[in-house]
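# A look at the structure
Listed below are the residues making up each chain.
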Amino acid sequence: MPNSPTAQTLLKISAGVALVTIALKTLAWALTGSIGLLSDAMESFVNLAGALFALWMVGIARRPADAGHPYGHHKAEYFSAGFEGLLVMAAAVAIVWASVLRLREPQPLAQLDIGLALSVLSSALNGALAWALFRSARAHRSVALEADARHLMTDVWTSAGVFVGLVAVALTGWHWLDPVLGIAVALNILREGGHLVWKSSQGLMDSAVEPETAARIAALLAGFAAREQASSIRIDHVATRGAGHRRFADLHLHVPGDWRLTRAAALRDEIEAALMREVPGLSTTIQLLPLGMEARAVRDDGAAPREDH
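Residues numbered from 1 in each chain as written. Predicted model: local features only at pLDDT ≥ 70, side-chain atom pairs only at ≥ 80, totals over all residues. Heavy atoms only, no water.

Our next topic: the overall build of the protein. A count of helical and extended segments in the protein gives nine helices and three strands. Secondary structure elements of the protein occur, N-terminal to C-terminal, as α-α-α-α-α-α-α-β-β-α-β-α. Its C-alpha radius of gyration of 26 Å places the protein more than 25% over the 19 Å reference for a compact globule of 309 residues. Seen through its C-alpha atoms, the protein measures out along the principal axes to roughly 85 × 40 × 35 Å. For the protein, the proportion of its 309 residues judged to be buried stands at 46%. For the protein, the proportion of contacts with a sequence separation of at least 24, taken over those separated by at least 6, is 76%. Carbon and sulfur atoms provide 65% of the accessible area of the protein, an area that totals close to 15,000 Å². Taken together, the 26 basic and 28 acidic charged side chains of the protein have centroids lying 4 Å from each other. (Helix = DSSP H or I, 4+ residues; strand = E, 2+ residues; numbered from the N terminus. Rg over C-alpha atoms; globule rule 2.2 N^0.38 Å. Buried < 20%, exposed > 50% of the residue type's maximum accessible area, 1.4 Å probe, protein only. Contact = heavy atoms within 4.5 Å. Areas by Shrake-Rupley, 256 points an atom, 1.4 Å probe, with all protein chains shown as cover. Lys, Arg positive; Asp, Glu negative; His and termini not counted. Charge placed at Lys NZ, Arg CZ, Asp CG, Glu CD.)

So, on to the nonpolar core. In this structure, Leu221, Ile235, Leu253, Leu267, Ile271 and Leu275 are the most contacted members of the largest nonpolar core, which totals 20 residues. Within the residue set of this core, elements represented by two or more residues are helix H7 (211-227), strand S1 (234-243), strand S2 (246-255), helix H8 (261-278) and strand S3 (282-290). Sorting elements by how many residues they give to this core places H8 first, with five residues. Among the nonpolar cores identified, the runner-up in size contains 19 residues, and Leu24, Ala28, Leu109 and Leu116 belong to it. (Core = buried A, V, L, I, M, F, W, Y, C linked by side-chain atoms within 4.5 Å.)

Further remarks concern the packing of helix H2 (residues 35-61) against helix H5 (residues 143-172). Axes are the key here: two packed helices are described by the angle between their axes and the distance separating the axes. Close contact between H2 and H5 brings their axes to 10 Å; oriented N to C, the two are set at 175°. By the angle between their axes, H2 is roughly antiparallel relative to H5. When H2 is examined against H5, the residues Gly36, Leu37, Asp40, Glu43, Ser44, Val46, Asn47, Gly50, Ala51, Ala54 and Val58 are found in contact with a partner set consisting of Ala144, Asp148, His151, Leu152, Thr154, Asp155, Thr158, Ser159, Val162 and Leu166. Across the contact of H2 with H5, the residue classes break down as nine nonpolar, eight polar and four charged. (Axes fitted to C-alpha atoms, helices over the stretch in contact; angles between N-to-C directions. Parallel < 35°, antiparallel > 145°, perpendicular 65-115°, else oblique. Nonpolar A, V, L, I, M, F, W, Y, C, P; charged D, E, K, R; others polar.)

In this section: unusual backbone geometry. In the Ramachandran plot, His237 falls in the positive-phi region, its phi being about 50° despite a non-glycine side chain. Of note, His237 is situated in strand S1. Assessed through its relative accessible area of 10%, His237 is described here as buried.

What follows concerns the pattern of salt bridges. Applying the stated criterion across every chain yields a total of six salt bridges. Across the pair Glu210 and Arg247 runs a salt bridge whose closest N-O atoms are separated by 3.5 Å. Of the two residues, Glu210 sits in the loop between helix H6 (177-204) and H7 while Arg247 sits in strand S2, which places them 37 residues apart along the sequence. Judged by its relative accessible area of 33%, Glu210 is partly exposed. On the accessibility criterion, Arg247 (11% relative accessible area) is buried. (Salt bridge = Lys/Arg side-chain N within 4 Å of Asp/Glu carboxyl O.)

Moving on, we get to the pairing of S3. Both S2 and S3 contribute to a ladder of nine bridges, which runs parallel. Its bridge partner lying in S3, Phe248 is registered against Ser283. Read from S2 through H8 to S3, the crossover connection turns out right-handed. (Pairing = 2+ DSSP bridges. Right-handed = clockwise from strand over helix to strand, strands pointing away.)

Turning next to the packing of H7 against H8. For the pair H7 and H8, interaxial distance at closest approach is 10 Å and the crossing angle is 150°. With respect to their mutual orientation, H7 and H8 come out roughly antiparallel. Classified by chirality, the crossing of H8 by H7 is right-handed. Here Arg216, Ile217, Leu220, Leu221, Phe224 and Arg227 of H7 come into contact with H8, specifically with Leu267, Glu270, Ile271, Ala274, Leu275 and Glu278. When grouped by side-chain class, the residues that make up the contact of H7 with H8 number eight nonpolar, no polar and four charged. (Left-handed = near helix turned anticlockwise from the far one by under 90°.)

This brings us to the packing of aromatic side chains. If you walk through the whole model with that rule in mind, you get two aromatic pairs. Arranged with centres 5.5 Å apart and planes meeting at 85°, the rings of Phe53 and Trp56 form a pair that is edge-to-face. Linking Phe53 with Trp56, this pair stays in helix H2, spanning three residues, or about one helical turn. A relative accessible area of 17% places Phe53 in the buried class. With centroids separated by 5.8 Å and ring planes inclined at 15°, the aromatic side chains of Trp174 and Trp176 adopt a geometry described as stacked. For Trp174, a relative accessible area of 47% translates into the label partly exposed. What makes Trp176 partly exposed here is its relative accessible area of 41%. Sitting above the plane of the Phe248 ring, Arg241 keeps its charged end 4.2 Å from the centroid. In this structure, Arg263 is placed above the aromatic ring of Trp259, and the distance from its NZ or CZ to the ring centre is 3.8 Å. (Phe/Tyr/Trp six-rings, centres within 6.5 Å; stacked < 30°, edge-to-face > 60°. Lys NZ or Arg CZ within 6 Å of the ring centre and 35° of its normal.)

Right, dumping it as structure tokens:
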């Protein structure tokens, strides 16, 4: 994406916005005494911790490969998503605890007009930042940015729920609604935290690339197989995986045994270049084999050869 801010820049902005919203929401809670607004303020502390940890992990993920990490450091971003998810879940537990205590002894609220105005202002800041983070996450294929954006959107919906609930408290005088609202907010936060932890675990387990990307790779390889039909080449054992902002593809290219090595290598290079154009940033490993022969790893696996393409 042209002129798109870097991931590090956006995460620094996220940390700054978190400091501002912490101040606004803490003041709103201090003025009103609302458990709902307290839960909102606690989530902003999680926003700050998550943004700082994500900034650290994104810096590590951008490091080049070295002797100790020959495949790079791309998976560091998944630790960021998992860490933020755990923070979110811890905040949810704390909110439930505070809400239960207040539910046992409901208290009247004060200065709701000012408190709600401060909450709305902080939500507007979070919403604008989440929109920018989502756009940048797609541009940079950054799991850390997406995790931060999802958490900020959860914060926005949390604030919206708190706003509606406190207006209901002001209209009805039912003070017990405030801690019940806090528990509802906590359950929503817990759900989002669980989603972040799950997504982090899937990334660390070398999940395949997105279905639409896999479909583009399959279509391109099928085109090469059709073009070289007279030569009876075969492309199979295609495997893909994602690691942070990087994507990888491995495949076997079977060519006639009487081909010269230069001809086979030229076709392999052409396929590799085409894949990189089709999926920018894709790292491809193509193993050349004569027709009728499988790689040792495939033979030892005992499974029937795949005719994927």
